[in-house]
Amino acid sequence: MTTTSEKPSPTATGQAVRVGGADGILEAEQVRGFIREQLAGVDVDGRSVCVLVPDGTRTCPMPLLMGAVHEALHGRVSRLTVLIALGTHAAMSEAHLGRHLGYQPGHLEETYPGMTVVNHEWWKPETFANLGTIPASRLEELSEGRLSVEVPVLLNKAVVEHDIALVVGPVLPHEVVGISGGNKYFFPGVAGQQIIDVSHWLGALITSAEIIGTTGLTPVRALINEGAALIPAEKLAFCVVGGTGSYADSLHSVSFGDTIASWADAAEVCAASHVTYLDEPVHTVLSLVPRMYEDIWTGAKGFYKLEPVVADGGEVILYAPHITQISAMHPEINEIGYHCRDYFVKQWDRFKHVHWGTLAHSTHLRGAGTYDAQTGEERLRVQVTLATGIPEEVCRAANLGYRDPASIDVAAAEADPDVFVVPRAGEVLFRLR
């Protein structure tokens, strides 16, 4: 069933059309038919389209979505480019791209004729276009007084050089912005370092535990929308809500409209399908981190989504024997380690030169805590322990606990009433009622 969302939203500039909802799973043909129908009504003929999609750290049936979008656009558009919204993640290899998008590596043209696929090369300054700046006074307003710095708005040139920017990807609870998706595929998805740093540090100042899962217009979402308003291309989105558990490769819903309205519509579905409520706090969590997270920089989502339900003094164990490094792309995290927000705020002169996005990641994984600048004592609410392929000395140097992954018996933990085991951790948010 296709529905039109008419509920007023503080973030919406138009209406979104949706197929599906939180309580069901869509058939593949429903998804294909919906995408064909919506794109048939868009003026794309003779125009160029840049499709922004997530990398492999987000779960959704991307080959199904990409196949339907290509089918609806091929032969109509003058140019079709798929841009992988890496943020500051590692680039995807050709083999990984093939699995991700649904084509035989090296044979893109055979499956998707006329389509180009490129990684967002965030490490290359020449790949960016300068859209202008957000003045310090405006950031102070958007951040509700938390920050006051001028923010250059740099964006991947591919978005600017196409007539239409079409976001295709999932909407999930997110530690920085509240609910991911929509304009977040531009900022930080294919953005320059400055706005990434500012947006992430703003989220860290609010704290992950407070902002995660929020469907409304958070200060970070407001900042992202401000940057997106400078994009000259027409901005549209298929915002999807994926299934969970055994339905992880399926979809609950697909929302279509401009990038604000479609996101707002999908966020409501996400809040109903991707948040699990517990009646009381848990003391010990065994978070089973899936292989799609290749380092702690991304695998830390297995902590973010659980922090709200852990009792004071509790422990979250990130079990991921396949992970062997904290971060290949951000080695500075090894130097500063993991600390609570106030550890950095109360020593700002010492840390302000570090990328603020790195500081934000540090606080998000370490969670709530306090820091006494007089005594140098840091008190952390929850213990974070890595049971990974990362050596013990590296874990402890980064201010994290260590467990030999070989010592973890998942089956025994599942049978232990005092251990809360979370399979495929990282996308479903857990909250207390």
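Sequence positions are assigned chain by chain, starting from 1 and proceeding in written order. In keeping with the model being predicted, local features are shown solely for residues with a pLDDT of at least 70 and side-chain atom pairs are shown and tallied solely at 80 or more, while totals for entire chains, interfaces and linings include all residues. Only hydrogens and water are removed before side-chain values are computed, so all heavy atoms of the structure are retained for them.

Draft legend 1. Spotlight on the overall build of the protein. Counting from the N terminus, the helices are the DSSP runs of H or I reaching at least four residues and the strands are the DSSP runs of E reaching at least two. When helices and strands are tallied, the protein shows 18 helices and 21 strands. At 21 Å, the protein has a C-alpha radius of gyration in line with the 22 Å of a compact globule built from 433 residues. For the protein, the C-alpha atoms occupy an extent of roughly 65 × 50 × 45 Å along the three principal directions. Relative accessible area decides the class of each residue, using a 1.4 Å probe on protein chains only: under 20% of the type maximum gives buried, over 50% gives exposed, and in between gives partly exposed. Buried positions account for 58% of the 433 residues belonging to the protein. Note on definitions: a residue-residue contact is assigned when non-hydrogen atoms from the two residues lie within 4.5 Å. Sequence separation of 24 or more characterises 75% of the internal contacts of the protein that already satisfy a separation of 6 or more. Accessible surface computed for the protein: about 17,000 Å², of which carbon and sulfur atoms make up 48%. As defined in this context, the radius of gyration uses C-alpha atoms, and a globule is described by 2.2 Å times the residue total to the power 0.38. Reported accessibility uses the Shrake-Rupley method at a 1.4 Å probe radius. Residues are deemed covered only where the shown protein chains occlude them.

Draft legend 2. Helix H3 (residues 94–101), seen in detail. Taken together, the buried positions of H3 are occupied by Leu 97, Gly 98, His 100 and Leu 101. Seen end-on, H3 carries its buried residues on one side only, within an arc spanning 165 degrees. Close packing links the buried residues of H3 with strand S3 (48–54), helix H2 (62–73), strand S4 (79–85) and strand S5 (115–119). In this description, the arc belongs to the directions extending from the helix axis to the C-beta atoms.

Draft legend 3. Broad picture of the environment of Ala 165. Following the sequence through the fold, Ala 165 ends up in strand S8 (residues 164–170). In this structure, the C-alpha to C-alpha distance between Ala 165 and Val 51, residues 114 residues apart in sequence, is 6.0 Å. If near-sequence neighbours (up to four positions away) are discounted, Ala 165 is found in contact with Cys 50, Leu 52, Val 159, Phe 186, Ala 233, Glu 234, Lys 235 and Leu 236.

Draft legend 4. Inspection of the nonpolar core at higher detail. Nonpolar cores are built from buried Ala, Val, Leu, Ile, Met, Phe, Trp, Tyr and Cys residues. Side-chain atoms within 4.5 Å join them into one set. With 95 residues, the main nonpolar core has Leu 52, Val 159, Phe 186, Phe 187, Trp 201, Ile 231 and Leu 365 as its most contacted residues. The dominant element in this core, judged by the number of residues it contributes, is helix H7 (residues 193–206), at eight residues.

Draft legend 5. Looking closely at H7. Given the number of residues in a helix, its expected span is that number minus one, multiplied by 1.5 Å. For H7, built from 14 residues, the straight-helix expectation of 20 Å at 1.5 Å per residue is met to within 8% by its first-to-last C-alpha distance of 20 Å. In terms of residue burial, H7 counts as a mostly covered element, since 12 of its 14 residues are buried. Those residues of H7 that fall on the buried side of the exposure criterion are Ile 195, Ile 196, Asp 197, Val 198, Ser 199, His 200, Trp 201, Leu 202, Gly 203, Ala 204, Leu 205 and Ile 206.

Draft legend 6. Layout of the packing of H2 against H3. Interaxial angle, 0 to 180 degrees, is taken between N-to-C directions of lines fitted to C-alpha atoms, where a helix line uses only the stretch in contact. Where H2 contacts H3, the axes come no closer than 6 Å and their chain directions differ by 80 degrees. For the element pair H2 / H3, the angle class is roughly perpendicular. Where H2 abuts H3, its residues Met 62, Pro 63 and Met 66 lie against Arg 99, His 100 and Leu 101. Just so you know the grouping, Ala, Val, Leu, Ile, Met, Phe, Trp, Tyr, Cys and Pro go in nonpolar, Asp, Glu, Lys and Arg go in charged, and all remaining residues, Gly too, go in polar. Along the lines of polarity and charge, the residues of the contact of H2 with H3 split into four nonpolar, one polar and one charged. Put simply, angles under 35 degrees are roughly parallel, angles over 145 are roughly antiparallel, angles from 65 to 115 are roughly perpendicular, and the rest are oblique.

Draft legend 7. Focus on unusual backbone geometry. Phe 187 connects to Pro 188 through a cis peptide bond whose omega is 15 degrees. Within the fold, Pro 188 resides in the loop between strand S10 (178–179) and H7. Here the phi dihedral of Glu 144 falls at roughly 55 degrees; this positive angle occurs in a residue that is not glycine. Position of Glu 144 relative to the elements: it lies in the loop between helix H5 (136–142) and strand S7 (151–156).

Draft legend 8. How the structure looks around the packing of aromatic side chains. Each aromatic pair joins two rings of Phe, Tyr and Trp (for Trp, the six-membered one) with centres within 6.5 Å, and gets the label stacked for planes under 30 degrees apart, edge-to-face for over 60, and tilted for any other angle. Scanning the entire structure with this criterion turns up 11 aromatic pairs. Ring plane angle 80 degrees and centroid distance 6.5 Å describe the contact between Tyr 103 and Tyr 112, whose orientation is recorded as edge-to-face. Taking the relative accessible area as the measure of exposure, Tyr 103 reaches 5% and is therefore buried. Its relative accessible area of 3% is what places Tyr 112 among the buried residues.

Draft legend 9. Up close: the environment of Glu 378. If you trace the backbone, Glu 378 turns up in strand S17 (residues 377–380). Sequence separation between Glu 378 and His 339 is 39 residues, and the spatial gap between their C-alpha atoms is 8.1 Å. Other than its neighbours up to four places away in sequence, Glu 378 contacts His 339, Cys 340, Tyr 343, Thr 370, Tyr 371 and Asn 399. Within the local environment of Glu 378, its side chain forms a polar contact with the side chain of His 339, the two groups lying 2.8 Å apart. At a separation of 2.8 Å, a polar atom in the side chain of Glu 378 contacts the main-chain amide nitrogen of Cys 340. Definition of a polar contact: a pair of N or O atoms within 3.5 Å, with one able to donate and the other able to accept a hydrogen when the atoms are protein atoms, and with sequence-neighbouring residues admitted only if both atoms are side-chain atoms.

Draft legend 10. Up close: the pattern of salt bridges. Only one rule defines a salt bridge in this text: a Lys or Arg side-chain nitrogen within 4 Å of an Asp or Glu carboxyl oxygen. Using the criterion set out here, one finds 17 salt bridges in the structure. Here Lys 352 makes a salt bridge to Asp 349, at a shortest N to O gap of 3.4 Å. Relative accessible area serves as the criterion here: at 45%, Lys 352 is assigned to the partly exposed category. In this structure, Arg 379 and Glu 377 form a salt bridge, with 3.3 Å as the shortest nitrogen-oxygen distance. Residue Arg 379 is classed as exposed on the basis of its relative accessible area of 53%. A residue is classified by how much of its surface remains accessible, and Glu 377, at 38% relative accessible area, is partly exposed. Connected via shared salt-bridge partners are Glu 29, Arg 32, Arg 36 and Glu 71.

Draft legend 11. Here's a closer look at empty space enclosed by the protein. Using protein atoms alone on a 1 Å grid, points that fit a 1.4 Å probe yet trap it form a cavity, whereas open point sets bounded by protein on both sides within 12 Å along at least five of seven lines form a pocket; residues with an atom within 4 Å of a point count as lining. Grid points are joined across faces, edges and corners, and a volume is the space filled by probe spheres set on the points. Scanning all chains against the criterion turns up two cavities of 30 Å³ or more. Reported here for the largest cavity is a volume of approximately 50 Å³. Lining the largest cavity are Thr 57, Arg 58, Leu 172, Pro 173, His 174, Ser 180, Tyr 293, Lys 301, Lys 305, Gly 426 and Glu 427. Of the residues contributing to the lining of the largest cavity, the split by class is three nonpolar, four polar and four charged. If you add up the space inside the second largest cavity, you get close to 30 Å³. Around the second largest cavity sit Leu 39, Val 42, Val 44, Val 49, Leu 73, Ile 164, Leu 166 and Leu 236, which together line it. Here the lining of the second largest cavity is built from residues that sort into eight nonpolar, no polar and no charged.

Just geometry here; none of it tells us what the structure is for.
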